[in-house]
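Coordinate inspection notes
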There are 2 protein chains.
Amino acid sequence: MSDVNERLKQFARYLDDQGLRYTSQRRVIAEAFYGSGKHLSLNEVLELARDKQGSIGFATVYRTMKLLAESGLAIEHRFDEDGVRYEPAGHDHHDHLICNRCGRIIEFEDEVVERRQEQVAKELGFRVASHRHEIYGECLRDPCPYESQSSQGRVTGVADTAARN
Amino acid sequence: MSDVNERLKQFARYLDDQGLRYTSQRRVIAEAFYGSGKHLSLNEVLELARDKQGSIGFATVYRTMKLLAESGLAIEHRFDEDGVRYEPAGHDHHDHLICNRCGRIIEFEDEVVERRQEQVAKELGFRVASHRHEIYGECLRDPCPYESQSSQGRVTGVADTAARN
DNA sequence: TTGTATGCAAAGATTTTGCAGCATC
DNA sequence: GATGCTGCAAAATCTTTGCATACAA
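All of these numbers come straight from a predicted model, not from anything done at the bench.

What follows covers the packing of helix α2 (residues 24–35) of chain A against helix α4 (residues 58–71) of chain A. Residues and elements named next belong to chain A. Orientation of α2 relative to α4, taken along the N-to-C sense of each, is 70°, at an axis distance of 10 Å. Here α2 lies roughly perpendicular to α4, going by the angle between them. Residues Q25, R26, I29, F33 and Y34 of α2 pack against T60, V61, T64, M65, L67 and L68 of α4. For the contact of α2 with α4, a count of residues per class yields seven nonpolar, three polar and one charged.

Turning our eyes to something else, we now look at the packing of helix α2 (residues 24–35) of chain B against helix α3 (residues 42–52) of chain B. Residue and element names in this part refer to chain B. The contact between α2 and α3 brings their axes to 8 Å, and the two run at 120°. Here the hand of the crossing between α2 and α3 comes out right-handed. Between α2, through V28, I29, E31, A32 and F33, and α3, the contact on the second element is made entirely by V45, L48, A49 and K52. Split into classes, the residues belonging to the contact of α2 with α3 amount to seven nonpolar, no polar and two charged.

Quick look at the environment of B:S24 now. Residue and element names in this part refer to chain B. For S24, the position within the fold is in helix α2. You can call S24 partly exposed: its relative accessible area is 34%. In sequence terms S24 and Q53 are 29 residues apart; their C-alpha atoms lie 9.2 Å from each other. At 3.2 Å, the side chain of S24 forms a polar contact with the side chain of Q25.

This brings us to the interface of chain A and chain B. Of the residues lining the interface, 39 residues belong to chain A; the matching set on chain B comes to 38 residues. When residues of chain A are sorted by the area they lose upon contact with chain B, A:L124, A:F126 and A:R132 head the list and together hold 21% of the total. Where chain A packs against chain B, one counts three salt bridges. The interface formed by chain A and chain B holds three residue pairs in polar contact (both at pLDDT 80 or more) in total. Those elements that place two or more of their residues in the side of chain A that touches chain B are β4 (95–99), β5 (105–108), α5 (111–123) and β6 (126–139) of chain A. The element that contributes the greatest number of residues to the side of chain A that touches chain B is β6(A), accounting for 14 residues.

We now examine the sheet that holds strand β4 (residues 95–99) of chain B. On the basis of which strands lie adjacent, the open sheet formed by six strands has the order β5(A)-β4(A)-β6(A)-β6(B)-β4(B)-β5(B) and mixed pairing. The sheet terminates laterally at β5 of chain A together with β5 (105–108) of chain B, the two strands that pair on one side only. Strand after strand, the sheet turns through a mean of 25° between neighbouring axes, direction not considered. Pairing geometry for β6(A) and strand β6 (residues 126–139) of chain B, over 13 bridges, is antiparallel. Along β6(B), the bridge assignment pairs A:S130 with B:Y136. Against the sheet, α5(A) makes contact with β4 and β6 of chain A together with β4, β5 and β6 of chain B, and its axis sits at roughly 130° relative to β6(A), the strand it touches most. Across the sheet, helix α5 (residues 111–123) of chain B is in contact with β4, β5 and β6 of chain A together with β4 and β6 of chain B; its angle to β6(B) comes to roughly 130°.

Glancing now at the protein's contact with DNA strand D. A:T23, A:R26, A:T60, A:R63 and B:Y62 are the nearest of the 19 residues found near DNA strand D. Restricting the count to atoms of DNA strand D within 4 Å of the protein gives a sugar and phosphate share of 71%. Here a phosphate oxygen of DNA strand D and a backbone polar atom of A:R21 are 2.9 Å apart. Take B:Y62: an N or O atom from its side chain is 2.5 Å from a phosphate oxygen of DNA strand D. For the surface near DNA strand D, the secondary structure elements donating two or more residues are α2 and α4 of chain A together with α4 (58–71) of chain B. The element that contributes the greatest number of residues to the surface near DNA strand D is α4(B), accounting for five residues. Of the residues in the surface near DNA strand D, the class split is seven nonpolar, six polar and six charged.

It is worth spelling out α2(A) at this point. The first and last C-alpha atoms of α2(A) sit 16 Å apart over twelve residues, in line with the 16 Å expected at 1.5 Å per residue. The complete set of buried residues in α2(A) reads A:V28, A:I29, A:A30, A:A32, A:F33 and A:Y34.

In the predicted model, chain A carries a mean pLDDT of 78, and 79% of its residues have values of at least 70. Note on residues 148–165 of chain A: pLDDT under 50 across the span, and 31 contacts to partners over four residues away in sequence or across chains.

Let us now look at the protein's contact with DNA strand C. In the vicinity of DNA strand C there are 19 residues, among which A:Y62, B:R21, B:T23, B:R26 and B:T60 approach most closely. Take the atoms of DNA strand C that sit within 4 Å of the protein: sugar and phosphate atoms are 68% of them. Contact distances for DNA strand C include 2.4 Å between a phosphate oxygen and a side-chain N or O atom of B:T60. Within the side chain of B:R63, an N or O atom sits 2.9 Å from a base oxygen of DNA strand C. Among the secondary structure elements, those contributing two or more residues to the surface near DNA strand C are α4 of chain A together with α2 and α4 of chain B. Ranked by residues supplied to the surface near DNA strand C, first place goes to α4(A) with five residues. Here the residues of the surface near DNA strand C are counted per class, giving seven nonpolar, six polar and six charged.

Each value, and the rule that gives it
The residue numbers shown here count from 1 along each chain, following its written sequence. A letter from A marks each chain and a number from 1 marks each ligand, given out in the order of writing. Given that the model is predicted, a residue must reach a pLDDT of at least 70 before its local features are reported, and side-chain atom pairs must reach 80 or more before they are shown or counted; all residues, however, enter totals for whole chains, interfaces and linings. Note that the side-chain values use all heavy atoms of the structure and ignore hydrogens as well as water. Axis definition: a line fit to C-alpha positions, over the contact stretch in the case of helices; interaxial angles, taken between N-to-C directions, run 0 to 180 degrees. Strands here are runs of E lasting at least two residues and helices are runs of H or I lasting at least four, both read from the DSSP assignment and numbered beginning at the N terminus. By the definition adopted for this analysis, an angle is roughly parallel if under 35 degrees, roughly antiparallel if over 145, roughly perpendicular if from 65 to 115, and oblique otherwise. By definition in these notes, contact holds between two residues if any of their heavy atoms fall within 4.5 Å. Each residue is assigned to one class: nonpolar for Ala, Val, Leu, Ile, Met, Phe, Trp, Tyr, Cys and Pro, charged for Asp, Glu, Lys and Arg, and polar for all the others, Gly among them. By definition, any crossing whose near helix is turned counterclockwise from its far helix by less than a right angle is left-handed, and any crossing with a clockwise turn is right-handed. Only protein chains enter the calculation, and the probe is 1.4 Å; a residue is then buried if its accessible area is under 20% of its type maximum, exposed if over 50%, and partly exposed in between. Polar contacts, as used here, are pairs of N or O atoms within 3.5 Å; protein pairs need one atom able to donate a hydrogen and one able to accept it. Residues neighboring in sequence count only if both atoms are side-chain atoms. Buried area: the accessible surface (1.4 Å probe) lost by two parts on joining, summed over both. Here, a salt bridge means any Lys or Arg side-chain nitrogen found within 4 Å of an Asp or Glu carboxyl oxygen. Two strands are said to pair when DSSP picks up at least two bridges between them. We define proximity as follows: a residue is near a molecule or strand when any one of its heavy atoms falls within 4 Å of that partner. One fewer than the residue count of a helix, multiplied by 1.5 Å, yields its expected span. Note on scores: pLDDT gives the predictor's confidence for each residue, bounded by 0 and 100.

Printed below as a string of structure tokens:
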């Protein structure tokens, strides 16, 4: 929670720097986003935000998430199918393991891979700015193996977390 | 070219196996796709195909590329922005370096990374089925550094290749 | 013939934008 | 007041699908 407040403060500061306003909607949206799980779609954020303030519109969520992305406080992901998904940022970088069955998203980070890719890029005359590394497969722990053939339709919204941090 | 013909033959065989027809459109589309560069969008494939047979429609390209993807002869990519992009498949797996300036796409493959990710996934109780690894940055060689501020609008279609193989 | 394939246009799904009214400075 | 924000609805994109017609087996 302290973490959430920290984010809100950073967001407020960013808005102020840009001469923009920290409105109640923006606060509610950011709160919903940071307070909940991770990797949310716009509609998921909208739903959460509406739990707190029923009148919020999709466009506002859309624009607010863009602001968060611009400010660097959120990262826009385009995983395989589906549309855009946002992830709280600011922590250190990490990559993803995505379960093809239950849709769970596990985060990971690996120094070996990180260093090695820098090396590879360098060898090919390329300067690295960012990267994405996603591994698809099946998670073998927790309540997935292999997804109680029913509940979710496929890669859904709710995203878990694990590993690192 | 021998390679293109090889692909066409494989495609024809796949269609036959499925009880589908190897029509002139499908041949032209596959030819255009395999004969040209890599990582093409549907519209790019359409344009190339129309150079050979002006009457081809978008829907036919759309459906043909789906067939190629299903057959495993092409891979559907969803790089950052933009929409879907297809890449000729059948070779061994590889990943991508994408230049943020000129849009060039460089392919690479690295045993160290490949093995390491298997390891990481295993440690997290995850079985790997596939993965994507994309590095974004700037290419420092050839005619890019840094893109003669004009020509291309941004990440475009034409894709180069390099490294490995 | 008989079942596919094609091309066009319409339908869907998402993502963006325009605007009138509201809120904040 | 002036400028920025919101919510709604319309617009713009992209991706899929329905269908009548054209083909291939």
